Amino acid sequence: MTTLRLAPLLLLLLASGCGNKQEQTTAPATPGTNASAPDELPANTNAAIPLEPANLEASAQTNSPPAQKPVDPLEEKYQEALAKMRTAESMADAEAAGQIFREAADKGSAAAQHALGVCYSTGIGVSKNPEEALAWFEKSAAQGYADAQFKIASIYIRGDGIPADETKALEFLRAAANQGHPEAQYNLATLYATGKSVEKNAAEAAKWYQKAAEAGHPTAQSNLGFFYANGEVFEKSMDEALKWWRKAAEQGQPSAQFNLAQALFEGKALPKDLVEAYKWYNLAAGQGDRDAASMRNALAVELTPSELADALKRSREFTSALRAKWAAEEGGIFGSPTVPAEPDTRK
């Protein structure tokens, strides 16, 4: 097969924003975790309990409605603030939401402490203050809140308002990754893949890419596909490689789009389909991939006018759907508030 593409090994920590979003590529000219349903239910899942005297009590318990969980006042307060922040239309609305976050944070809500840290790191609802943001993230992280642990790792990597510290960054990154945080898992995998801050270890990189990929992280999915294609860590399997490349490509990941296009163009690992190959080359090219642009341009002369029109139509439809999906997810935990961020007023 023609040279395959490993996605650029760039740490997302360097561009960490206010939300727990997965890396997004630029929308072509374009974390979430999708839980999979089990293939089949265990046998006799819905089997009735015989109504014999000894089983009457068990039957009554089984058929009774599940007990309602007690309402957590702090969770209610956090959700109230979150809803207010997401619908804020003025600075006063954002400040009111920030005050509710503070009330819940002061009473020990890890989620509210994290949210208040986000407020201070972005200047939404409060004056921007990196030191205050770190203090609230640390309170939240001390309670095991994975988003806050990841934020602290990001701060220490960048040296945002404090001296950079790779050791502390790795400590918090690993803590978040061990709790299943996809961004943290991807970044930890990248450290092992590049040998930055840790000893280079392909097996560890593949392990953490797999965890992040299974949680839906597109670049992790792309790189996991590469590991299956080259057989360095896993047994070589183009079926597995293509499975992960397709998942990543459908989320807009350009390296995966290029690799999927290659497979469709060559017709070895997949049935040859030049129209679909053109679509994926075109999508990757729209994100600045020069190799994809070269392959797309060369392929264009092999397609009939109707085939080319079909390929372009597929590209437009894909881009439109993906942009709509990203627009709905934009803005991190606060959605897309219309209020401007407060400036950093520290002297």
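What comes next concerns the included structure.

A tally of regular secondary structure across the protein gives 15 helices and 0 strands. When each of the 347 residues of the protein is scored for burial, the buried share is 46%. About 17600 Å² of surface is accessible on the protein, with carbon and sulfur atoms providing 52% of the total.

Glancing now at the nonpolar core. Note that soluble globular proteins tend to have their nonpolar side chains buried in a common cluster. By size, the foremost hydrophobic cluster in this structure holds 90 residues, and its most contacted members are F101, L188, Y209 and W280. When residues of this core are assigned to their parent elements, the largest contribution, 9 residues, is made by helix 13 (residues 274-285).

With that out of the way, let us pick up the environment of L308. Note on placement: L308 falls in helix 15 (residues 305-329). A relative accessible area of 24% means that L308 is categorised as partly exposed. C-alpha separation for the pair L308 and K279, spaced 29 residues apart in sequence, amounts to 9.2 Å. Not counting residues within four places of it along the chain, the set of residues in contact with L308 comprises Y278 and L303.

The subject of this paragraph is the side chain of Q185. Mapped onto the secondary structure, Q185 falls in helix 8 (residues 182-194). Not counting residues within four places of it along the chain, the set of residues in contact with Q185 comprises A177, G180, W208, K211 and A212.

A cluster of acidic side chains, namely D72, E75, E76 and E80, defines a negative patch on the protein surface. As for its position among the elements, D72 is in the loop between helix 1 (56-63) and helix 2 (73-86).

On to the packing of aromatic side chains, then. According to the stated counting rule, one finds 8 aromatic pairs in the structure shown. Here the aromatic rings of Y156 and F172 are separated by 6.4 Å at their centres, their planes lie at 15°, and the arrangement is stacked. With Y156 in helix 6 (residues 146-158) and F172 in helix 7 (residues 166-178), the pair connects residues that are 16 residues apart, well separated along the chain. The burial state of Y156 is the same as that of F172; both residues are buried. Look at F265 and Y281: their rings are 6.5 Å apart centre to centre, the planes differ by 65°, and that puts the pair in the edge-to-face class. Of this pair, F265 sits in helix 12 (residues 254-266) while Y281 sits in helix 13, placing them 16 residues apart in sequence. Owing to a relative accessible area of 23%, F265 belongs among the partly exposed residues under this scheme. Judged by its relative accessible area of 0%, Y281 falls in the buried class. Counting every residue linked through ring pairs, the aromatic cluster contains Y186, Y209 and F227.

In this model, helix 5 (residues 130-142) (13 residues) spans 18 Å end to end at C-alpha, consistent with the 18 Å of a helix rising 1.5 Å per residue. What helix 5 keeps buried is the set P130, A133, L134, W136, F137, S140 and A141. When helix 5 is viewed along its axis, its buried side chains cluster within an angular range of 170° and face the same direction. In this fold, the buried residues of helix 5 make contact with helix 3 (91-106), helix 4 (110-122), helix 6 and helix 7. Near the N-terminus of helix 5, the side chain that reaches the backbone nitrogen of E131, with its oxygen 3.2 Å away, is that of N129. At the C-terminal side of helix 5, G144 shows a positive phi close to 85°.

With that settled, consider the packing of helix 3 against helix 4. Axis separation between helix 3 and helix 4 bottoms out at 8 Å; the angle between their running directions is 140°. By the angle between their axes, helix 3 is oblique relative to helix 4. The handedness of the crossing between helix 3 and helix 4 is left-handed. Seen from helix 3, the contacting residues are G98, F101, R102, A104 and A105; seen from helix 4, they are A112, Q113, A115, L116, C119 and Y120. Of the residues contributing to the contact of helix 3 with helix 4, the split by class is 8 nonpolar, 2 polar and 1 charged.

On to unusual backbone geometry, then. The phi angle at S197 is positive, at roughly 75°, despite the residue not being glycine. With respect to the helices and strands, S197 occurs in the loop between helix 8 and helix 9 (202-214).

Here we take up the environment of E250. By the element assignment, E250 lies in the loop between helix 11 (238-249) and helix 12. In this structure E250 comes out as partly exposed when scored by relative accessible area, which is 45%. Sequence separation of E250 and P218 is 32 residues, and the distance between their C-alpha atoms is 8.6 Å. When residues no more than four places from it in sequence are discounted, the contact partners of E250 are W280, F318 and L322.

Now for the packing of helix 7 against helix 8. Viewed as axis vectors pointing N to C, helix 7 and helix 8 meet at an angle of 125°, and their least axial separation amounts to 8 Å. The angle between helix 7 and helix 8 places the two elements in the oblique class. The two elements helix 7 and helix 8 meet at a crossing, and its hand is left-handed. Mapping the contact onto sequence places L170, L173, R174, A176 and A177 in helix 7 and A184, Q185, N187, L188, L191 and Y192 in helix 8. Each residue belonging to the contact of helix 7 with helix 8 can be placed in one class, and the counts come to 8 nonpolar, 2 polar and 1 charged.

Rules behind the numbers
Residues numbered from 1 in each chain as written. Predicted model: local features only at pLDDT ≥ 70, side-chain atom pairs only at ≥ 80, totals over all residues. Heavy atoms only, no water. Helix = DSSP H or I, 4+ residues; strand = E, 2+ residues; numbered from the N terminus. Buried < 20%, exposed > 50% of the residue type's maximum accessible area, 1.4 Å probe, protein only. Areas by Shrake-Rupley, 256 points an atom, 1.4 Å probe, with all protein chains shown as cover. Core = buried A, V, L, I, M, F, W, Y, C linked by side-chain atoms within 4.5 Å. Contact = heavy atoms within 4.5 Å. Patch = residues over 30% accessible without salt bridge, like charges linked within 9 Å, V, L, I, M, F, W, Y side chains within 5 Å. Salt bridge = Lys/Arg side-chain N within 4 Å of Asp/Glu carboxyl O. Lys, Arg positive; Asp, Glu negative; His and termini not counted. Charge placed at Lys NZ, Arg CZ, Asp CG, Glu CD. Phe/Tyr/Trp six-rings, centres within 6.5 Å; stacked < 30°, edge-to-face > 60°. Expected span 1.5 Å × (residues − 1). Arc of directions from axis to C-beta. Polar contact = N/O pair within 3.5 Å; in protein donor to acceptor, adjacent residues only side chain to side chain. Axes fitted to C-alpha atoms, helices over the stretch in contact; angles between N-to-C directions. Parallel < 35°, antiparallel > 145°, perpendicular 65-115°, else oblique. Left-handed = near helix turned anticlockwise from the far one by under 90°. Nonpolar A, V, L, I, M, F, W, Y, C, P; charged D, E, K, R; others polar.

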